[in-house]
Amino acid sequence: MEVVHTPVLLNECLKYLSPVGEPYENHCLMIDSTLGEGGHTYNFLTKFKGLSVVGLDADNVIQTRAKERLKEFEQRIHFYNGWFNDFYADYPSEYEKPDLILFDLGISVFHYEKSNRGFSFRYDEKLDMRLNSGTEKSAGDLVNELPEDKLADLIYLYGEEKLSRRIAAAIVQAREGGKIESSKALAQIIWDAVPANYRYGNIHPATRTFQALRIAVNSELKRLPQALSDAFKCLKPGGKMGVITFHSLEDRIVKNYFRNLGKQCVCPPQVAVCRCGGEKCAEILTRKPVAPTEKEVEQNSPSRSAKLRVIRKLKDDTPYHLDGVVGY
């Protein structure tokens, strides 16, 4: 099977999320919350012989590829097709609590290169961007239906695009002549809308708008805060959870939640008596986010913006630990 996606921060994940205790032949369970093509899981199963994995993915197409890649581990791998927030909110009773949990919040290179769903502005594909076909709205629906102000807000909020209003105006004007149906057509509208000096920066001028649409279509940031808390509750005490993020919006959510877990008390000032337990819920194992090495970035350019944060669970969190965590 041709493998399209290279797992990012692989060595760092194997180091920080190694099974707790020696020898590694002892049984333990890992949940790969974002299985993709199975790159991280393949390497964990290869290195740690006593490890079993439950691999989650909302996209049944890419999960089928992962099943082919991981078939040699058939006794140690199980699959769940669905969103990770649904899985952790109603953790299946047939599984024991996991020792390890990994989230890789990046979009697989497979989706950009092989899915034909319009994730990339380099190809002329239907403007879809849904990871799960059951999702109600596609990127094309948002581009063609949202009012100009709502579209501008979306591009600014999720893409951090400073020219969001200019781009939204151009999209609305263009769709008056007919529906915008392809990724290439949308990219050209954005290219024509921005000033000439903006077209030749470090990234293509459509990059942030495409990111914003993908995040909105798949509710990526809306799912994340509660999913982190629910996953943490499922984790065994002493177990470890790691999250790989790729942009500041995701990382802010993870950083704030992990920081709260590492505090002695997170009760609001107006609460007279501590209600959160007054103890740390987690030990933060990465005081600063772990970034890829220069060598990894050189060999795998999509890793350049990746950050890994890892914690070890001490006790369950409370609703107060989600206070102040940025959600969208």
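Shown above is the structure to which this text applies.
Throughout, a residue's number is its position along its own chain's written sequence, starting from 1. At least 70 in pLDDT is required for a residue's local features to be given in this predicted model, at least 80 for side-chain atom pairs to be given and counted, and no such filter applies to totals for whole chains, interfaces and linings, which use all residues. To get the side-chain values, take all heavy atoms of the structure and skip hydrogens and water.

A. Examining the overall build of the chain more closely. A helix here means a DSSP run of H or I that spans at least four residues, while a strand means a run of E at least two residues long, and both kinds are numbered starting from the N terminus. Broken down by element type, the chain carries 13 helices and 7 strands. Taken against the 2.2 N^0.38 rule, which gives 20 Å for 328 residues, the C-alpha radius of gyration of the chain at 21 Å falls within 12% of a compact globule. Dimensions along the principal axes, computed over C-alpha positions, put the chain at roughly 65 × 55 × 40 Å. Three labels apply to residues, based on accessible area from a 1.4 Å probe with only protein chains included: buried if under 20% of the type maximum, exposed if over 50%, partly exposed otherwise in between. Each of the 328 residues in the chain was classed as buried or not, and the buried ones make up 56%. Whether two residues are in contact is decided by their heavy atoms, any of which lying within 4.5 Å being enough. Considering only intrachain contacts with a sequence separation of at least 6, the fraction spanning at least 24 residues in the chain is 72%. Accessible area for the chain stands at about 15400 Å²; split by element, carbon and sulfur atoms hold 47% of it. For a compact globule the rule gives 2.2 Å times the number of residues to the power 0.38, and the radius of gyration it is set against comes from C-alpha atoms. Working definition of accessibility: Shrake-Rupley area with a 1.4 Å probe, residue cover restricted to the visible protein chains.

B. Spotlight on the packing of aromatic side chains. For Phe, Tyr and Trp, where Trp contributes only its six-membered ring, two rings pair if their centres lie within 6.5 Å, and the inter-plane angle classes them as stacked under 30 degrees, edge-to-face over 60, or tilted in between. If you walk through the whole model with that rule in mind, you get 14 aromatic pairs. Residues F87 and Y91 carry aromatic rings whose centres are separated by 5.3 Å and whose planes lie at 75° to one another, so their mutual orientation is edge-to-face. With respect to class, F87 is no different from Y91; both count as buried. Arranged with centres 6.5 Å apart and planes meeting at 65°, the rings of Y91 and Y95 form a pair that is edge-to-face. The two residues Y91 and Y95 agree in class, both being buried.

C. Local environment of unusual backbone geometry. Although it is not a glycine, M129 adopts a positive phi angle of roughly 70°. Relative to the helices and strands, M129 resides in the loop between helix 5 (109–113) and helix 6 (139–145). Overall, the relative accessible area of 0% leaves M129 in the buried class. For S219, which is not glycine, the phi dihedral falls at a positive 50°. Take S219: it is sitting in the loop between helix 10 (207–217) and helix 11 (220–234).

D. Looking closely at the pairing of strand 4 (residues 100–104). Burial runs high along strand 4: 5 of the 5 residues are buried. Alternating residues of strand 4 divide into L100, L102 and D104 and I101 and F103, and every residue in both groups is buried. By the convention used here, strands pair only if DSSP detects at least 2 bridges between them. Across 3 bridges, the pairing between strand 1 (residues 28–32) and strand 4 is parallel. For M30, the partnering residue across the bridge sits in strand 4 and is L100. In the sheet, strand 4 pairs with strand 5 (residues 240–245) via 5 bridges, with the strands oriented parallel.

E. Looking closely at the nonpolar core. Take the buried residues of types Ala, Val, Leu, Ile, Met, Phe, Trp, Tyr and Cys, join any two whose side-chain atoms come within 4.5 Å, and each joined set is a nonpolar core. Ranked by internal contacts, the top residues of the largest apolar core, which has 70 residues, are I31, Y88, F103, I171, L186 and M241. Per-element accounting of this core gives the leading share, 7 residues, to helix 11. If we ignore the near neighbours within four places in the chain, the residues touching I171 are V143, L151, I155, I180, L186 and I189.

F. View of the pairing of strand 2 (residues 51–57). In terms of burial, strand 2 is a largely internal element, 7 of the 7 residues being buried. Judged by which residues are buried, strand 2 turns out to be covered on both faces: L51, V53, G55 and D57 on one side and S52, V54 and L56 on the other are all buried. Pairing geometry for strand 1 and strand 2, over 5 bridges, is parallel. Paired with D32 across the strands is G55, a residue of strand 2. By convention, a crossover is right-handed whenever its connection, traced from the first strand over the helix to the second and viewed with the strands pointing away, goes clockwise. Note that the unit made of strand 1, helix 2 (residues 39–47) and strand 2 has a crossover that is right-handed. As judged from the 5 bridges shared by strand 2 and strand 3 (residues 77–81), these two strands associate in the parallel manner. Pairing of D57 across the sheet is with N81, part of strand 3. Remark: the strand 2/helix 3 (residues 60–69)/strand 3 crossover connection has right-handed handedness.

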